[in-house]
Amino acid sequence: MKTRTNFGLLPLCALSVLYSCSAFYLPGLAPVSFCKEVKEEGECQTQIQLFVNRLDSVESVLPYEYDVFDFCQDAKESRPSENLGQVLFGERIESSPYKFNFDEKVECKKVCTKVYKKGNKEDGEKLDFLKRGMQLNYQHHWIVDNMPVTWCYDVEQGQKYCNPGFPIGCYVTPEGNGKDACVINADFNKKNSFYMFNHVDIKITYHSGGDEGWKGARLVAATMEPRSIKHEDENKPACGGTVPMDVFSTFDSDVKITYTYSVSFEENNAIKWASRWDYILVSMPHTNIQWFSIMNSLVIVLFLSGMVAMIMLRTLHKDIARYNQVDQDLIKVPTPSGKVQINYEDAQEESGWKQVHGDVFRPPRKGMLLSVFLGQGTQIFIMTFITLFLACLGFLSPANRGALMTCAVVLWVLLGTPAGYVSARLYKTFGGEKWKTNVLLTALLCPGIIFADFFLMNLILWVEGSSAAIPFGTLVAILALWFGISVPLTFLGAYFGFKKPAIEQPVRTNQIPRQIPEQSFFTKPIPGIVMGGILPFGCIFIQLFFILNSIWSHQMYYMFGFLFLVFIILLITCSEATVLLCYFHLCAEDYHWWWRSFLTSGFTAVYLFIYAIHYFFSKLQIVGAASTILYFGYTTIMVLIFFLFTGTIGFFSSFWFVNKIYSVVKVD
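Everything numeric here is computed off the predicted structure, so don't read it as measured data.

Trainee: Residues and numbers for the pairing of strand β15 (residues 217–227), please.
Mentor: The element β15 is extensively covered by neighbouring structure, given that 8 of its 11 residues are classed as buried. Pairing geometry for strand β14 (residues 199–208) and β15, over 10 bridges, is antiparallel. Counterpart to Tyr-206 in the pairing with β15 is Leu-219.

What follows is the structure, given as structure tokens:
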């Protein structure tokens, strides 16, 4: 009855979660008003400041700061304060020389001219780096009023896609084939040449408050159109020309690039400030696929729930009733001598899980390592749940830059106590006595592996000069959070865990281990573990595609409602698949379920890694050894975290199941 009620609520929960995720702007993100003239101080602003972020590419994992590419720089450069999440993701926001006043049209204004002289080694290196950026399709990311400046263009089936970035330029191969953005203009036709997007037409759309009782106007959209224009006279640039700014592959003569921009304004009171991101998000046509993903996952969940319900309500219920009936009535079998003999075998031959009651709670081998993994898995599970829940409420929206990563890191640091408690309590239940080693491993083992991997990746980023390289001060701050807050909290949790008595088992454990009978192929450990991860992975692989796209293809991810729903479905699927396989193995009289329950659902992480390899070769165009090492280095961190997360879910669901079934059956 409970199962049916819960699944009836799932669609309602989905709709409510998805609805809540559309409310991006919560208290704390206040709108900024702009006006032509300031009558009262603090009333509104006249100047619109355009900020630039780091440049990235789908063909390289290495982002670079704006200044590295030798673009025009702001004379009075300023950098807004960045949170931990922004630093970890490699965001480097700084002011730009593109400045303009509200509602003042700008026509073909010169920003600066960059000259690269032939024979000058430094100029040659700068120009080569610029060409490399165009060849790898590096993209600008500009920001106006905390909103991305987007490049909107038509795609297939009449759809319009708004990209929160635009390319530096493009490249035409020696065969005359235009790469990336070079396909948009027939004039980009010179072989083995680069075309620089040195002019931008910026259009600012605003919502006026004149009719709504508030002063000024609020920006609701910022779009732009990149163009390549060869300016003959740098002092009097003409932006109506059609001759593109080409740069040949060979540095045979001086190269002069003049950067210009135009700005126009448009009033549109139909767009509300609170929904100004919608035009970007709506242009990403993924919603139908997302609903397919949810329906696919729900079918798997319903199938598994049916299987589990059948076992619980029919098979298991009959087993328990029969075992208890045997204990009460005693089956009497007449013998040739006329005496009565008590016989349990006929009642127990169909199901063998009761026969292993004296061994089912025998402590596992490597109990120390298992308890450490479970402690860390609990920490990751709680962190993930709270982070996704806050994201659904809109606190961690794309408008709040870096908030998602900052929230996850802070939560992980503060959740050391449950990790220490769970690890210590289980280790004590397993009969362990080396409590100091247990606490130290819980606090240091898995975080240490992740930090070592992260540090090696950071060294590569440092060597490559990437903006994603974490500054030394930030690394020290992360270590301070780990050793100054997380480790002491883990010790505190372990203290309370060891003070508590060991978890009481419903049946006693025999002194002599029972011999496990010969197992069939499907009840052997490895086939069971391999099969166990298939169904949970089937629930998440479509959602996984969008997550990998947001990380490696730099697409905006905002569908936290779908993600939270998939998280709940993954939780149910991991639990049910593990319980199902645990029951089958106990029926086969194999009582080694501790590690198996952890590894069965944890094996989903192996499928995730295989999918990440497939995604790398089939979807990405990443080139270069450094980028490849970084991709698989960061993927390894994701896989390890996911392994601990799913393994913990599987273990605790099986732990509850085994305790439950052995507590309701009568054992002499």
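Trainee: Describe the confidence of the model for the chain, naming the residues involved and giving the relevant values.
Mentor: Note that predicted coordinates carrying low pLDDT should not be read in detail. In this model, the chain carries an average pLDDT of 83, and 87% of its residues clear a pLDDT of 70 or more. No element of the chain has a lower mean pLDDT than helix α1 (residues 2–20), which averages 36, and none a higher one than helix α9 (residues 416–429), which averages 95. Across residues 1–28, where pLDDT falls below 50, the model places 35 contacts with residues more than four positions away in sequence or in other chains. Segment residues 338–351 is flagged for pLDDT under 50; beyond a separation of four residues in sequence, or across chains, it makes 29 contacts in the model.

Trainee: Any details on a nonpolar patch on the surface? Residues and values, ideally.
Mentor: Together, Phe-455, Leu-456, Leu-459, Trp-462, Phe-472 and Val-476 make up a nonpolar patch on the protein surface, roughly 570 Å² of accessible area in all. Only α10 (435–464) and α11 (472–499) provide two or more residues apiece to the nonpolar patch. Per-element tally for the nonpolar patch: the top contributor is α10, with 4 residues. The residue Leu-459 is located in helix α10 in this model.

Trainee: Run through the sheet that holds strand β16 (residues 246–248), naming residues and quoting values.
Mentor: On the basis of which strands lie adjacent, the open sheet formed by 3 strands has the order β12-β13-β16 and antiparallel pairing. Strand pairing shows two members of the sheet lacking a second neighbour, β12 (169–172) and β16, which therefore form its edges. For this sheet, the mean inter-axis angle between neighbouring strands, taken without regard to orientation, is 25°. With 4 bridges connecting them, β12 and strand β13 (residues 193–196) associate as antiparallel partners.

Trainee: Outline the nonpolar core, listing residues and values.
Mentor: Ranked by size, the top nonpolar core spans 167 residues in total, and within it Phe-100, Leu-130, Trp-142, Phe-651 and Tyr-662 carry the most contacts. Beyond its immediate stretch of four places on either side in the chain, Phe-651 contacts Leu-370, Leu-374, Leu-426, Phe-430, Trp-593, Trp-594, Ser-597 and Phe-598. Counting residues in each nonpolar core, the second largest holds 6 residues, with Ala-424, Tyr-427, Ala-494 and Phe-498 among its members.

Trainee: Please give an account of the packing of α10 against helix α17 (residues 625–664) that cites residues and values.
Mentor: In the contact formed by α10 and α17, the axes pass within 10 Å of each other and the chain directions differ by 165°. Relative to α17, the element α10 lies roughly antiparallel. The interaxial crossing formed by α10 with α17 has left-handed handedness. For the pair α10 and α17, the contacting residues are Cys-446, Ile-449, Ile-450, Asp-453, Phe-454, Met-457, Ile-460, Leu-461 and Glu-464 in the first and Ala-626, Ile-629, Leu-630, Gly-633, Tyr-634, Thr-636, Ile-637, Leu-640, Ile-641 and Leu-644 in the second. Grouping the amino acids of the contact of α10 with α17 by side-chain chemistry returns 15 nonpolar, 2 polar and 2 charged.

Trainee: Give me the pattern of salt bridges: which residues, what numbers.
Mentor: Close approach of charged atoms allows side chains of opposite charge to pair. Applying the stated criterion across every chain yields a total of 16 salt bridges. The partner of Glu-234 in a salt bridge is Lys-256, with the nearest N and O atoms 3.3 Å apart. Within this pair, whereas Glu-234 is found in the loop between β15 and β16, its partner Lys-256 is found in strand β17 (residues 255–267), the two being separated by 22 residues in sequence. Residue Glu-234 is classed as partly exposed on the basis of its relative accessible area, which comes to 22%. Judged by its relative accessible area of 47%, Lys-256 falls in the partly exposed class. Beyond isolated ion pairs, a larger network of salt bridges with shared partners links Glu-65, Arg-79 and Glu-94.

Trainee: Explain helix α15 (residues 594–602) residue by residue, including any values.
Mentor: When you tally the buried positions in α15, you get 7 out of 9 residues, the bulk of the element. Summarising the contacts, the buried residues of α15 are in contact with α7 (367–392), α12 (525–532), α14 (560–587), α16 (604–618) and α17.

Trainee: Describe the sheet that holds strand β4 (residues 94–101), listing the residues and the values that go with them.
Mentor: Where strands meet in a sheet, backbone hydrogen bonds hold them as pairs that are either parallel or antiparallel. Reading across from one edge, β4-β1-β7-β8 is the order of the 4 strands in this open sheet, with antiparallel pairing throughout. Looking at the sheet topology across the chains shown, the edges are occupied by β4 and β8 (147–148).

Trainee: Give a detailed account of the state of the cysteines, specifying residues and quantitative values.
Mentor: By the definition in use, this model includes 5 disulfides. With its sulfur 1.7 Å from that of its partner, Cys-35 forms a disulfide with Cys-44. Disulfide Cys-35 to Cys-44: torsion about the S-S bond roughly 60°, handedness right-handed. Cys-35 gets classed as buried once you look at its relative accessible area, which sits at 10%. Exposure remark for Cys-44: the relative accessible area of 11% places this residue in the buried category.

Trainee: Hey, could you go over the packing of α9 against α11 for me, with residue numbers and the actual values?
Mentor: Put simply, α9 and α11 touch, their axes get as near as 6 Å, and they point 35° apart. Judged by the twist between their axes, the crossing of α9 over α11 is right-handed. When α9 is examined against α11, the residues Gly-416, Thr-417, Gly-420, Tyr-421, Ala-424, Arg-425, Tyr-427 and Lys-428 are found in contact with a partner set consisting of Ser-486, Leu-489, Thr-490, Leu-492, Gly-493, Ala-494, Phe-496, Gly-497, Phe-498 and Lys-499. Grouping the constituent residues of the contact of α9 with α11 by class yields 8 nonpolar, 7 polar and 3 charged.

Cut-off values and rules
- Residues numbered from 1 in each chain as written.
- Predicted model: local features only at pLDDT ≥ 70, side-chain atom pairs only at ≥ 80, totals over all residues.
- Heavy atoms only, no water.
- Buried < 20%, exposed > 50% of the residue type's maximum accessible area, 1.4 Å probe, protein only.
- Helix = DSSP H or I, 4+ residues; strand = E, 2+ residues; numbered from the N terminus.
- Pairing = 2+ DSSP bridges.
- pLDDT = per-residue confidence, 0-100.
- Contact = heavy atoms within 4.5 Å.
- Patch = residues over 30% accessible without salt bridge, like charges linked within 9 Å, V, L, I, M, F, W, Y side chains within 5 Å.
- Areas by Shrake-Rupley, 256 points an atom, 1.4 Å probe, with all protein chains shown as cover.
- Salt bridge = Lys/Arg side-chain N within 4 Å of Asp/Glu carboxyl O.
- Axes fitted to C-alpha atoms, helices over the stretch in contact; angles between N-to-C directions.
- Core = buried A, V, L, I, M, F, W, Y, C linked by side-chain atoms within 4.5 Å.
- Parallel < 35°, antiparallel > 145°, perpendicular 65-115°, else oblique.
- Left-handed = near helix turned anticlockwise from the far one by under 90°.
- Nonpolar A, V, L, I, M, F, W, Y, C, P; charged D, E, K, R; others polar.
- Disulfide = S-S within 2.5 Å.

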